[in-house]
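Below, each chain spelled out in residue letters.
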Amino acid sequence: MHEDDLLAPWFEHLVGSLEHVSLFDFHTHIGCNDPDGFTLSSGELLMRLEAAGSRGAVMPMHEPDGYPPANDAVIETAERSAGRLLALCRLDPAKRPLEEARRCLEAGARGIKLHPRAEQFQLSEPHVDPIFALAHERRLPVLIHAGRGIPTLGRDATKLAHRYPDARIVLAHGAICDLNWLWREIDRYPNLFIDTSWWNPTDIAALMSLVAPSHLLYATDLPYFSPFMVATMVTRYAYQVGLDDAQVASILGGQAERVLAGEDPLELGPAPGQGGLDYDVRLERVATLLGFAIARMLMGRTGWEPLSLARLSCDLGDPDAPESDVCRNVLALLERQAAYAAQSPKGCAPFGPGIRLVMLAACIARTPDVALPRVPELAAEGDFRRASAAGHRTIDAPSQEAPPEGAGDLRRSSAADHLVLDAAPPPQ
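All values derive from a computational prediction rather than experimental measurement.

Another aspect to go through is the sheet that holds strand E4 (residues 89-90). As a general point, the strands of a sheet are linked pairwise by backbone hydrogen bonds and lie either parallel or antiparallel. An order of E4-E5-E6-E7-E8-E9 is seen for the six strands of this open sheet, with the pairing classed as parallel. A strand with exactly one partner marks an edge of an open sheet, and here the two such strands are E4 and strand E9 (216-217). Note that strand E5 (residues 112-114) and strand E6 (residues 141-144) share three bridges and pair parallel. Its bridge partner lying in E6, Leu 114 is registered against Ile 144.

Along the polypeptide, Glu 79 turns up in helix H3 (residues 68-79). In the structure, Glu 79 is positioned 28 residues away from Ala 107 in sequence and 9.8 Å away in space, judged by C-alpha atoms.

This next bit is on empty space enclosed by the protein. Gaps between atoms show up when a probe of the same size as a water molecule is rolled over them. Enumeration according to the criterion identifies two cavities of 30 Å³ or more in this entry. The wall of the second largest cavity is formed by Cys 314, Asp 315, Leu 316, Gly 317, Asp 318, Pro 319, Ser 324, Cys 327, Arg 328, Glu 381, Phe 384 and Arg 385. Elements supplying a minimum of two residues to the lining of the second largest cavity: helix H14 (324-343) and helix H16 (381-389). Of the residues belonging to the lining of the second largest cavity, the class tally is five nonpolar, two polar and five charged.

This next bit is on the pairing of strand E2 (residues 55-60). With five of its six residues buried, E2 lies for the most part within the structure. Taken together, the five bridges between strand E1 (residues 24-30) and E2 define a ladder with parallel strand orientation. Pairing of Phe 24 across the sheet is with Arg 55, part of E2. For the segment spanning E1, helix H2 (residues 42-51) and E2, crossover handedness is right-handed.

Counting 121 residues, the largest nonpolar core has Phe 132, Leu 171, Met 208 and Leu 290 as the members making the most contacts within it. No other element matches the ten residues that helix H15 (residues 355-366) contributes to this core. If we ignore the near neighbours within four places in the chain, the residues touching Met 208 are Thr 196, Leu 216, Val 234, Tyr 237, Ala 238, Val 241, Leu 243, Ile 251 and Pro 272. Of all hydrophobic cores here, the second largest spans 15 residues; its members include Met 59, Ala 172, Ala 256 and Val 259.

This part is about helix H11 (residues 245-261). Residues lying three or four places apart along an α-helix face the same way, a consequence of the helix completing one turn every 3.6 residues. Over its 17 residues, H11 runs 23 Å from end to end, which matches the ideal 24 Å to within 8%, given 1.5 Å per residue. Of all the bends found along H11, the most pronounced is centred on Ile 251 and spans about 60 degrees. If you check which residues of H11 are buried, you get Gln 247, Val 248, Ala 249, Ser 250, Ile 251, Leu 252, Gly 253, Gln 255, Ala 256, Val 259 and Leu 260. The N-cap residue of H11 is Asp 244: its side-chain oxygen and the backbone nitrogen of Ala 246 are 3.2 Å apart. Two residues or fewer past H11, Gly 262 is found with a positive phi of approximately 75 degrees.

What follows concerns helix H12 (residues 281-298). The end-to-end C-alpha distance of H12 is 25 Å, a good match for the 26 Å that 18 residues give at a rise of 1.5 Å each. Among all positions of H12, only Leu 283, Val 286, Ala 287, Leu 289, Leu 290, Ala 293, Ile 294, Ala 295, Met 297 and Leu 298 are buried. Each element contacted by the buried residues of H12 is listed here: helix H13 (304-313), H14 and H15. With a side-chain oxygen lying 2.7 Å from the backbone nitrogen of Arg 282, the N-terminal cap of H12 falls on Asp 280. Just past H12, the residue Gly 300 takes up positive phi, approximately 90 degrees.

Calculation notes
- Residues numbered from 1 in each chain as written.
- Predicted model: local features only at pLDDT ≥ 70, side-chain atom pairs only at ≥ 80, totals over all residues.
- Heavy atoms only, no water.
- Pairing = 2+ DSSP bridges.
- Helix = DSSP H or I, 4+ residues; strand = E, 2+ residues; numbered from the N terminus.
- 1 Å grid on protein atoms, 1.4 Å probe; cavity = no way out; pocket = protein on both sides within 12 Å on 5 of 7 lines; lining within 4 Å.
- Points joined across faces, edges and corners; volume = space filled by probe spheres on them.
- Nonpolar A, V, L, I, M, F, W, Y, C, P; charged D, E, K, R; others polar.
- Buried < 20%, exposed > 50% of the residue type's maximum accessible area, 1.4 Å probe, protein only.
- Right-handed = clockwise from strand over helix to strand, strands pointing away.
- Core = buried A, V, L, I, M, F, W, Y, C linked by side-chain atoms within 4.5 Å.
- Contact = heavy atoms within 4.5 Å.
- Expected span 1.5 Å × (residues − 1).
- Bend = angle between axes of the 7 residues up to and from the residue.
- Polar contact = N/O pair within 3.5 Å; in protein donor to acceptor, adjacent residues only side chain to side chain.

Okay, structure coming up:
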């Protein structure tokens, strides 16, 4: 069973019930050579998107030996997808990028992907500029890695957006390296966008509340995250901060379709502000403890101690408290994560097993005003208390937090935690 199967009730209750929404995932990958250990086949990608009723843009994962064959593979995958996928070609600016871009665009690619960390360049370098000139000429999107592992690039991106107004520049992973100032400037650049392919609930809250919805594009970064997780998190935060149905529909796919078609973007009004983010301190304890667990799990550990403390924090002492339904849903996700982890073989993925369930649980603790599905298995007070106390124990062996066998180089992962992951090389 995949994590998405376990996330389905929360996705279906919220995203699956929305009318006039056509999911379009702006950031997915296929490949099997990425040094971080993640892989995804074209068949698996299509299956994951189809389960969510989603279309998507597909691009290569990191290919240390170069991108032409990988670009051919994504273009062929898109051609065979019956419209489910659109291809973005990935370029290395040091290796004849315009020649490769034109070749791929002629073959059917609909945009460009750049990864400053993997290919070790900055947007300010002179040989990068012609790529954006080409995108301006053809009204193409350029998706740029803007997550962990790179210097700030937002100011270079705004200069390029100003210089090339018909290029559609998309900063991936919530633009986390520049978000705390970029939100003030982004409305000056109608051709600058941010995708939502990230896990941290505070970052997603900042995106939804501080950035105007016309600049936001739903994206998952498959295989790192998943449609069921990210779509549910984005939608919960969108409604928590007060966005309306039309704005949500644009974020989840409407704007992406226009960007990829070279059309002018929709204008959807200003950012809603932070008024909807008034957290209950008890639920904030739950969310914070889950964040600690996620940080451990991103490094391949189990996260068992902060997970058990988060469970205990879900016991509010009053089963009829207004917040109890939020805690019940958090516990239901943690119960599913524990069962999934117990059945998951070692080395099945570089992350701790079931991490996406914990990521959604942290989001739910931060979005208490958005409707939740009924969790019948924890309806009885005794079942609720049992789930709250489950797993709490004293440290009994150092091996509890051993990384999974066969994990890749997580220092290269787009999603590994940028605060707790040691950047030093592993011991020889």
